[in-house]
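# Reading the structure
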Amino acid sequence: MARTVTRQKAPPVAAAAPRTAPRAGARTTARAPRAGPRLLVVESPAKGKTLQRLLGTGWEVRASAGHVKDLPSAKEGVDVEHGFLPTYEVLKGKNRVLSELRRASLKAPQVLLATDPDREGEAIAWHLAEELGAPGGDARIGRVLLQELTAGAVQRAVAQPEPLDRRRFEAQQARRILDRLVGFRVSPILWKKVRRGLSAGRVQSVAVRLLVDREREIEAFRPAESWSLEAGLRAGRPPAFRAQVTGPGGEEPPLPDRAAVEALLARLEGAGFRVERVERRELLRRPPAPFTTATLQQEASRRLGFTPRRTMALAQRLYEGVELGDEGAVGLLTYVRSDSVRLSPEAVEAARRHVEATWGADHLPAEPPIHRARSRSAQEAHEAIRPTSLDWPPERVGELLEEKGARDLCRLYALVWSRFLASQMAPAAWEETRVAIAAGTAPPVRLLAKGLRRVFLGYLAAHGERPPSDEAGAEEPGPLPVEAPLPPLAAGDELRLEALHPERHLSAPPPRFDEAGLVRELEVRGIGRPSTYASILDLVQEKGYVERVERALRPTGLGRLVTEELVRCFPRELDPAFTARMEARLDEVEEGTAGWQEVLQEFWGGFREELARAEGGMREVRGAAPAGIACPRCGKAMVVKLGRNGEFLACPGYPECRQTMDFRREGDRIVPVADEPAPSDEKCPTCGAPMVVKRGRFGRFLACTRYPQCRTSRPLPIGVDCPLGCGGQLTERRSQRGRSFYGCSRYPACDFVSWDRPLAEPCPRCGSAYLVERHGRDGRLVACPHKECGYRRAGDAPPAGPA
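The following refers to the structure shown. What you see is a predicted model; the values in this text were computed from it and never measured. (Residues numbered from 1 in each chain as written. Predicted model: local features only at pLDDT ≥ 70, side-chain atom pairs only at ≥ 80, totals over all residues. Heavy atoms only, no water.)

### Things to note about the environment of Val144
We apply this condition: To qualify as a helix, a DSSP run of H or I must reach at least 4 residues; to qualify as a strand, a run of E must reach at least 2; elements of each kind are numbered from the N terminus. Here a residue-residue contact requires only that any non-hydrogen atoms of the pair lie within 4.5 Å.
Of note, Val144 is situated in the loop between strand S8 (141–143) and helix H4 (151–159). With 104 residues separating them in the primary sequence, Val144 and Leu40 have C-alpha atoms 9.2 Å apart. Those residues in contact with Val144 that sit more than four places away from it in its chain are Leu40, Leu112, Leu113, Ala114, Thr115, Ala157, Val158 and Pro161.

### A short note on the pattern of salt bridges
For clarity, the threshold we go by: For salt bridges, the criterion is a side-chain nitrogen of Lys or Arg within 4 Å of an Asp or Glu carboxyl oxygen.
Under the defined criterion, the tally for this structure stands at 53 salt bridges. The closest approach of N and O atoms between Arg504 and Glu225, which form a salt bridge, is 3.1 Å. Placement of the pair is Arg504 in strand S16 (residues 494–506) and Glu225 in strand S9 (residues 225–234), with a sequence separation of 279 residues. The closest approach of N and O atoms between Glu262 and Arg258, which form a salt bridge, is 2.9 Å. Of the two residues, Glu262 and Arg258 are both situated in helix H7 (residues 258–268); the distance of 4 residues between them amounts to about one turn of the helix.

### Brief notes about the side chain of Glu383
What counts is decided by this rule: Exposure categories follow from relative accessible area, calculated using a 1.4 Å probe and restricted to protein chains: below 20% of the type maximum is buried, above 50% is exposed, and the middle band is partly exposed.
One can find Glu383 in the loop between helix H10 (345–359) and helix H11 (394–400). Glu383 sits in the buried class, given a relative accessible area of 8%.

### Focus: unusual backbone geometry
With an omega dihedral of 5°, the bond running from Pro238 to Pro239 counts as a cis peptide bond. Relative to the helices and strands, Pro239 resides in the loop between S9 and strand S10 (241–246). Of the consecutive residues Tyr707 and Pro708, the connecting peptide bond is found in the cis state with omega at 10°. Relative to the elements of secondary structure, Pro708 occurs in the loop between strand S26 (699–704) and strand S27 (713–715). For Ala65, which is not glycine, the phi torsion reads 55° and is therefore positive. With relative accessibility at 47%, the residue Ala65 sits in the partly exposed group. The residue Phe84 is not glycine, and still its phi comes out positive at about 60°. Mapped onto the fold, Phe84 is located in the loop between strand S5 (78–79) and strand S6 (85–90).

### Here's the deal with the packing of helix H9 (residues 308–320) against helix H12 (residues 406–422)
Operational definition: Here the axes come from fitting lines to C-alpha atoms, over the contacting stretch only for helices, and the angles between their N-to-C directions go from 0 to 180 degrees. Oblique is the label for any angle not under 35 degrees, not over 145, and not in the 65 to 115 range, which are roughly parallel, roughly antiparallel and roughly perpendicular in turn. When residues are grouped by polarity, Ala, Val, Leu, Ile, Met, Phe, Trp, Tyr, Cys and Pro land in nonpolar, Asp, Glu, Lys and Arg in charged, and all others, Gly among them, in polar.
In the contact formed by H9 and H12, the axes pass within 10 Å of each other and the chain directions differ by 85°. As the angle between them shows, H9 and H12 are arranged roughly perpendicular. Where H9 approaches H12, its residues Arg310, Thr311, Leu314, Ala315, Arg317 and Leu318 are matched on the opposing element by Asp408, Leu409, Leu412 and Tyr413. For the contact of H9 with H12, the class distribution of residues is 6 nonpolar, 1 polar and 3 charged.

### Comments concerning empty space enclosed by the protein
Worth spelling out the cut-off: Computed over the protein atoms alone on a 1 Å grid, cavities are sets of points where a 1.4 Å probe fits but cannot get out and pockets are open sets with protein on both sides within 12 Å along at least five of seven lines; a residue lines them when it has an atom within 4 Å of a point. Grid points are joined across faces, edges and corners, and a volume is the space filled by probe spheres set on the points.
Under the counting rule described, the total for this entry stands at 3 cavities of 30 Å³ or more. Together, Val182, Val186, Ala200, Gly201, Arg202, Ser205, Val206, Leu566, Phe570, Glu573, Leu574 and Phe607 line the largest cavity. By residue class, the composition of the lining of the largest cavity is 8 nonpolar, 2 polar and 2 charged.

### So, helix H17 (residues 576–591)
As a reminder of what qualifies: What a helix is expected to span follows from its residue count: subtract one and scale by 1.5 Å.
The end-to-end C-alpha separation of H17 is 23 Å, in line with the 22 Å expected for 16 residues at 1.5 Å each. Counting buried positions along H17 yields 12 of 16 residues, so the element is predominantly enclosed. Within the span of H17, buried status applies to Pro576, Phe578, Thr579, Ala580, Met582, Glu583, Ala584, Arg585, Leu586, Asp587, Val589 and Glu590. Buried residues belonging to H17 abut helix H3 (119–131), helix H5 (166–193), helix H6 (204–220), helix H14 (515–525) and helix H18 (596–617).

### Some points on the side chain of Ser340
Operational definition: N or O atoms within 3.5 Å of each other form a polar contact, as long as, within protein, one can give a hydrogen and the other can take it, and as long as residues adjacent in sequence are counted only when both atoms are side-chain atoms.
Here Ser340 lies in the loop between strand S13 (329–330) and H10. Residue classification places Ser340 among the buried positions, given a relative accessible area of 0%. Within the structure, Ser340 has its side chain in polar contact with the backbone nitrogen of Arg342 (distance 3.0 Å).

### Focus: the pairing of strand S29 (residues 729–734)
Note the cut-off: Strands qualify as paired when DSSP identifies two bridges or more between them.
Summarising the sheet, strand S28 (residues 717–721) and S29 pair through 2 bridges and their orientation is antiparallel. Among the inter-strand pairings, Pro717 is bridged to a residue of S29, identified as Thr731. The pairing of S29 with strand S30 (residues 740–744) spans 5 bridges and is classified as antiparallel. Opposite Glu732, over in S30, you have Tyr742 as the bridge partner.

### Remarks on the packing of aromatic side chains
Given two aromatic rings, their pairing is described by the distance between the two centres and the angle made by the two planes. Note the threshold: A pair of Phe, Tyr and Trp rings is counted when the ring centres sit within 6.5 Å of each other, with Trp represented by its six-membered ring. The angle between the planes then sorts it: under 30 degrees is stacked, over 60 is edge-to-face, the rest tilted. Over a ring means this: the NZ of a Lys or the CZ of an Arg is within 6 Å of the ring centre and within 35 degrees of the ring normal.
A complete count under the given rule lists 10 aromatic pairs for this structure. Here Tyr319 and Tyr335 contribute two aromatic rings whose centre-to-centre distance is 5.3 Å and whose plane-to-plane angle is 70°, an arrangement assigned as edge-to-face. Taken together, the residues span a long stretch of sequence, with Tyr319 in helix H9 and Tyr335 in the loop between S13 and H10 at a distance of 16 residues. The same class applies to Tyr319 and to Tyr335, which are both buried. Ring-pair connections join several aromatic residues into one group, and the members of that group are Phe84, Phe570, Phe578, Phe603, Trp604 and Phe607. In this structure, Arg214 is placed above the aromatic ring of Phe513, and the distance from its NZ or CZ to the ring centre is 4.2 Å.

### Points about the packing of H6 against helix H15 (residues 530–542)
Direction vectors running N to C along H6 and H15 enclose 70°, while the axes themselves pass 10 Å from each other. In this view, H6 runs roughly perpendicular relative to H15, as classed from their interaxial angle. Note on element contacts: H15 touches H6 through Ile536, Leu539 and Val540, opposite Gln204, Ala207 and Val208. Classifying every residue of the contact of H6 with H15 gives 5 nonpolar, 1 polar and no charged.

This is the structure in structure tokens:
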């Protein structure tokens, strides 16, 4: 539960000027500007190259290559006792860049700072203005916001420069100080108590907590059994179809076990089936909103398999400009760090003209669709991510683009292109037919058959196949189901029963987050900024808190241990709702309704108290803590150590004694968990001795019982014969990058491999000798390994056919 913090009056604005470390050769009086080209300063050389081409002579475009100043790397750099004043230092290697910018600015009649149009870009512009001798800007040094790099947009922007935005800079400064306070105050405690090199972060640690909480839900889940019953029916005309047994009101009937199903089967055997009524209704599927940063990362992950970092790197290149043959550098996308779904009137009109010319007026709604951002704090001054011009269709770009990574650039551009056009098109429409059926008498058993037929393609013509949904504007509808035709039916028609199909179901646990799912969860909860999600996902994996298992994100033992301690010692800061409230407060700073020092003071009051408690209250797990348990092999007192997969018991006599054991905590007691080798039917191929199942760092494996005299070991078979018929067994292995895969035990004589876990079950559709188990955002799936077959079912469903 978050602690209430008394709000304190913020220091006067005059005290808010950040301290800057003195620089060598700094000028106090600027020389009168000479008549020379006007100067435009950007962060990226690639962006500068595009702008130089668009502006032509009379302008000099230079790049700062990112930030030029930041808080010190070796110390906190924040004076919490005097209004949280930060001390900024020029970054290593940037003195030369600044010297060149100063010399260029002295010759320029006007200096415009064209860093990215977001808070981080505003901070870079603010620091550049300070280093050019005009803190906050002046009549000569101004700001331009470039939402897109096109000739018209750039000329309009430089013709009407704006003053630097102090409130936006202060919002970014407050965020930077918040992150610095958490990182520099909490990380040392983790170093001292857990392990050197660990880190904590205001948003990073909350993201790991979401994964840990989800993993606990999965572990605590107990499947619930239920049954359904369908009747295979035939009318006077084909095709045959199925109807599901329902309750009196059309709801699913309570069928908790096999006995309830048997009772229904007895009632339906020999019963007559007749149509009671036929209803038809239209299902509309509204087009999705144009992309924001978060939705672009999610869709690129699902459709293209890109990580968030890869997506943002490619999108930034498309924004800054890519070489398109004789055209030179062309900026193809608007600014790619946006949480707005707003489109300019000019962009909407261009999209509507293109849609009408390409697909016809019937695909164009009477009025442009209105989309609403998910985030309450969406910055509506920005636009959604869209193509800068419809004169550059993906096909034309693909022909001219010759840069490294051109294929992926084209794929991402095509995704944005189709989403933008789809967002301005008419809804797709389906006709759903619902047929109410009665079987038997006194009282009859109710059944419901559903048919689905698409009647209008709508926005799917541009965006690709998506299913209908009663929830307008849903973002992740999943794959389009196969249309289900029904024969012509009318009330009173008699139907013939062909077969009854009972089916057992087990409820599935919530699925693990993949990267796209975690990005969505963070966005929906209002945690952090979408522009930071890619770096957060990379960092938590780099620190060993999270690992990817078949595209799913799973917390490691280390991640769970660190999260457990942080939640216990910092319950407020690790609360997702509190983190979201802090994001809202930073938005208020930018809006001018809250002071940046006021927000920091609110945070610091409770944080300081929890820091003091954590110093003495966080559990000591670093090093080798005595466990009070004797080593079963050599008798020495075992110790608790910390590994990547969490805590374990180890013998201090290593390397002479390599005994390790799992354990669990019961209060303050440590209780060993026995992991004795399990017998197996396998014989050692080297010496003929029996083999046993042991557990190692990569899971279970077979080992010779004569170890250490015989060191033979091999992967544990998963109980599936090699599908190639070589006589081998399939085993689980690890690739050089640590990813699990499945191969034949007779390798290299047999080269069968599969990334998905094979199952000893033939495909009921194509007859494949095996099926595979896959894990996606919808949970566990069982599918045919042959793409052309397409067979798949939920992982908890039984094989095809009657139960």
